[in-house]
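Results of the structural survey
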Amino acid sequence: MATLTAARAAALPRTALGVRFDWLVIAASACLLGGLYWDGWAHGYGLPDSFWTIWHAVFYSGYLVTAAVILGALARVRPRAPSWRAAIPAGYEGAVAGVFVFGFGGAFDVAWHTAFGIELGTDALLSPSHLILGIGIALIVSGPLLAAWRRGASGGLAAQLPAVISLTALLSVFTFFSLFAGPYSGVLGSGARPSSTTLVRTLLGMYLFSGLVVGMALVALRRGTLPVGSLTVLLGANAVAMILMQGHAPLEIQVAFSLVAIAAGAIGDVLLWRFRPSDSRRLQLHAFAFLLPVVYFTIYLGVVLTTVGSGWTVHALTGMVTLSGVIGLLLSFVFVGARAPSS
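Residues numbered from 1 in each chain as written. Predicted model: local features only at pLDDT ≥ 70, side-chain atom pairs only at ≥ 80, totals over all residues. Heavy atoms only, no water.

Notes on the overall build of the protein
Keep this limit in mind: Put simply, DSSP H or I for four residues or longer makes a helix, DSSP E for two residues or longer makes a strand, and each gets a number counted from the N terminus. A 1.4 Å probe rolled over the protein chains alone gives each residue an accessible area, and that area as a share of the maximum for its type sets the label: buried under 20%, exposed over 50%, partly exposed in between. Contacts are assigned to residue pairs with any non-hydrogen atoms lying within 4.5 Å of each other.
Along the protein, the regular secondary structure elements total 14 helices and zero strands. Overall, the protein shows an N-to-C arrangement of helices and strands of α-α-α-α-α-α-α-α-α-α-α-α-α-α. When the backbone C-alpha atoms are referred to their principal axes, the protein occupies close to 65 × 65 × 35 Å. Counting every position in the protein, which comprises 343 residues, the buried fraction comes to 48%. Taking all contacts inside the protein whose residues are at least 6 apart in sequence as the whole, residues at least 24 apart take part in 80%.

Structure representation (structure tokens):
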């Protein structure tokens, strides 16, 4: 009987509120993400921190606005729906859960700070209370993306822009919490020849970033929400947000590496347009997954060599770029799965 009841609940039609609601959630989520990145900026500059700061006020106010938008829509639909579960807008099941996960994480964060003090440096990215907040944010900002999947995505970049922005916001949550590694943790490849520890740390950060970008691109591609132009938005907007949050480098360096991401995204969109990768075009899919991180890090390290200077060997630099592509290539095999053996 319990199984039958669960099956009936799962089969209940969901309320579809459409693209206008997606834009409303995106606007509210922008306040939430803006507060998160402002808080990261304050941590990066070592400003005095406590719960009662302006960046925390923006952060938690953004959460309250987002929660009001999502839960308000649920409350408006509930009188016409057979159950609370059926009243959740289609695709926003995770976002509703995220509202409550974040609420729990906020209370836990206060208790954690009271018990153990304010986190400093990388500890702020690894704190359990902050990770719970991050999970809640990821669930919330993914709502418009999942709603587009539920509706059945179609059209070009303009038609799918809410889904693309939602995907970008989700990537930005991941890159925020992995700030200790990857292309925005510092200027990779710059300076004198690195120690083995520095080289390995740099490689691992490149692996992580390549996996995040290619993995998210492939998932969006499978669901039909990666139109041509989306990679420029994804990589470009994420880079600008991350670089502005860091804010320590001279303006010309910030502009240069923002343009690196925009250029890499634009070339990625050309690859997307030219290869038309899909499960039925596996060679093109594997090539796309390999080349996307290779293009990004080739341009990135080229800018490092020409503007900052590098004492790293050509063996290390070319090997780092190649291995980042291998990470993408391996993920593409997971995407298409194994072919059934012929009988």
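There is more to say after this.
Section: the side chain of Thr-225
Here Thr-225 lies in the loop between helix H10 (196-222) and helix H11 (230-246). You can call Thr-225 buried: its relative accessible area is 0%. Among all residues touching Thr-225, those that are not within four sequence positions of it are Leu-145, Ala-148, Trp-149, Ala-153, Gln-160, Ala-163, Val-164 and Ala-220.

Here we look at the environment of Ser-190
Applied cut-off: Any pair of N or O atoms that falls within 3.5 Å is considered a polar contact. Within protein, one atom must be able to donate a hydrogen and the other to accept it, and sequence-neighbouring residues count only if both atoms are side-chain atoms.
Looking at the element boundaries, Ser-190 is found in the loop between helix H9 (161-177) and H10. Sequence spacing of Ser-190 and His-286 is 96 residues, and the spatial spacing of their C-alpha atoms is 30 Å. In terms of polar contacts, Ser-190 uses its side chain to reach the backbone carbonyl oxygen of Val-187, at 2.8 Å.

Some remarks on the confidence of the model for the protein
What counts, and what does not: Each residue gets a pLDDT score, which is the predictor's confidence in that residue and runs from 0 to 100.
For the protein, the mean per-residue pLDDT works out to 89, and 92% of the residues sit at or above 70. The low-confidence segment residues 1-12 (pLDDT under 50) makes six contacts with residues lying over four places distant or belonging to another chain.

Digging into the pattern of salt bridges
Stated precisely, the cut-off is as follows: A pair is scored as a salt bridge if a Lys or Arg side-chain nitrogen falls within 4 Å of a carboxyl oxygen belonging to Asp or Glu.
Inspection of the entire model under this criterion finds three salt bridges. The residue Asp-22 makes a salt bridge to Arg-151 at a minimum N-O spacing of 2.7 Å. Placement of the pair is Asp-22 in helix H2 (residues 19-44) and Arg-151 in helix H8 (residues 143-151), with a sequence separation of 129 residues. Its relative accessible area of 1% is what places Asp-22 among the buried residues. With a relative accessible area of 39%, Arg-151 lands in the partly exposed category.

Digging into a nonpolar patch on the surface
Quick reminder of the rule: Patches draw on residues past 30% relative accessible area with no salt bridge. Two like charges within 9 Å are joined, as are two nonpolar side chains (Val, Leu, Ile, Met, Phe, Trp, Tyr) within 5 Å. Each accessible area is a Shrake-Rupley estimate made with a 1.4 Å probe; only the visible protein chains count as cover when residues are assessed.
Among the surface-exposed residues, Leu-251, Val-255, Leu-259 and Ile-262 lie close enough to one another that they form a single nonpolar patch of about 360 Å² accessible area. Here Leu-251 lies in helix H12 (residues 251-275). Residue classification places Leu-251 among the exposed residues on the basis of a relative accessible area of 61%.

Quick notes on helix H13 (residues 282-308)
Where we set the bar: Here, expected helix span is obtained from the residue count minus one, scaled by 1.5 Å. Bend angle per residue: angle between axes fitted to the 7 residues ending at that residue and the 7 residues starting there.
For H13, spanning 27 residues, the distance from its first C-alpha to its last is 39 Å, which sits close to the expected 39 Å at 1.5 Å a residue. The sharpest bend along H13 comes to roughly 25°, located at Leu-291, with the proline Pro-293 sitting one to four residues further on. Two residues or fewer past H13, Gly-309 is found with a positive phi of approximately 100°.

Section: unusual backbone geometry
The phi dihedral of Arg-276 falls on the positive side, at around 45°, and the residue is not glycine. Turning to its location among the elements, Arg-276 is positioned in the loop between H12 and H13.

A few points about the nonpolar core
Rules: Residue types Ala, Val, Leu, Ile, Met, Phe, Trp, Tyr and Cys, when buried and joined through side-chain atoms within 4.5 Å, form a set referred to as a nonpolar core.
In terms of nonpolar packing, the biggest core is built from 91 residues, with Ile-137, Tyr-184, Leu-226 and Tyr-296 touching the most fellow members. It is H13 that provides the largest number of residues to this core, a total of 12 residues. Ignoring any residue separated from it by four or fewer positions in sequence, one finds Tyr-296 in contact with Pro-183, Tyr-184, Phe-209, Val-260, Ala-261 and Ala-264.

Re the packing of H11 against H12
What counts here: Axis definition: a line fitted to C-alpha atoms, limited for helices to the stretch in contact. Angles are taken between N-to-C directions and run from 0 to 180 degrees. Here is the rule for angles: anything less than 35 degrees is roughly parallel, anything more than 145 is roughly antiparallel, 65 through 115 is roughly perpendicular, and the remaining ranges are oblique. Working rule for handedness: look at the near helix, and if it is turned counterclockwise from the far one by less than a right angle, call the crossing left-handed; if clockwise, right-handed. For this classification, Asp, Glu, Lys and Arg are treated as charged, while Ala, Val, Leu, Ile, Met, Phe, Trp, Tyr, Cys and Pro are nonpolar and the rest, including Gly, are polar.
Running from amino to carboxyl end, H11 crosses H12 at an angle of 165°, the nearest separation of the two axes being 7 Å. Between H11 and H12, the angle falls in the class roughly antiparallel. Pair H11 / H12 crosses with right-handed handedness. Across the interface between the two elements, Ser-230, Leu-231, Thr-232, Leu-235, Gly-236, Ala-239, Val-240, Ile-243 and Leu-244 of H11 pack against Gln-254, Phe-257, Ser-258, Ala-261, Ile-262, Ala-264, Gly-265, Ala-266, Gly-268, Asp-269 and Leu-272 of H12. The residue inventory of the contact of H11 with H12, partitioned by class, reads 12 nonpolar, seven polar and one charged.

What to know about the packing of aromatic side chains
The following threshold applies: When two rings of Phe, Tyr or Trp (its six-membered ring) have centres within 6.5 Å they constitute a pair, described as stacked for plane angles under 30 degrees, edge-to-face for angles over 60, and tilted for the intermediate range. Charge-over-ring placement is defined geometrically: NZ (Lys) or CZ (Arg) within 6 Å of the ring centre, and within 35 degrees of the ring normal.
Per the stated rule, a full pass over the model turns up 18 aromatic pairs. Between Tyr-184 and Phe-209, the aromatic rings sit 6.0 Å apart at their centres with planes inclined by 85°, giving edge-to-face as the arrangement. Note that Tyr-184 is positioned in the loop between H9 and H10 and Phe-209 in helix H10, a separation of 25 residues in sequence. Look at Phe-209 and you get buried, because its relative accessible area is 5%. Chaining the aromatic ring pairs together yields one cluster made of Tyr-184, Phe-209, Phe-257, Tyr-296, Phe-297 and Tyr-300. Here the basic side chain of Arg-222 rests over the ring of Phe-335, its NZ or CZ set 4.3 Å away from the ring centre.

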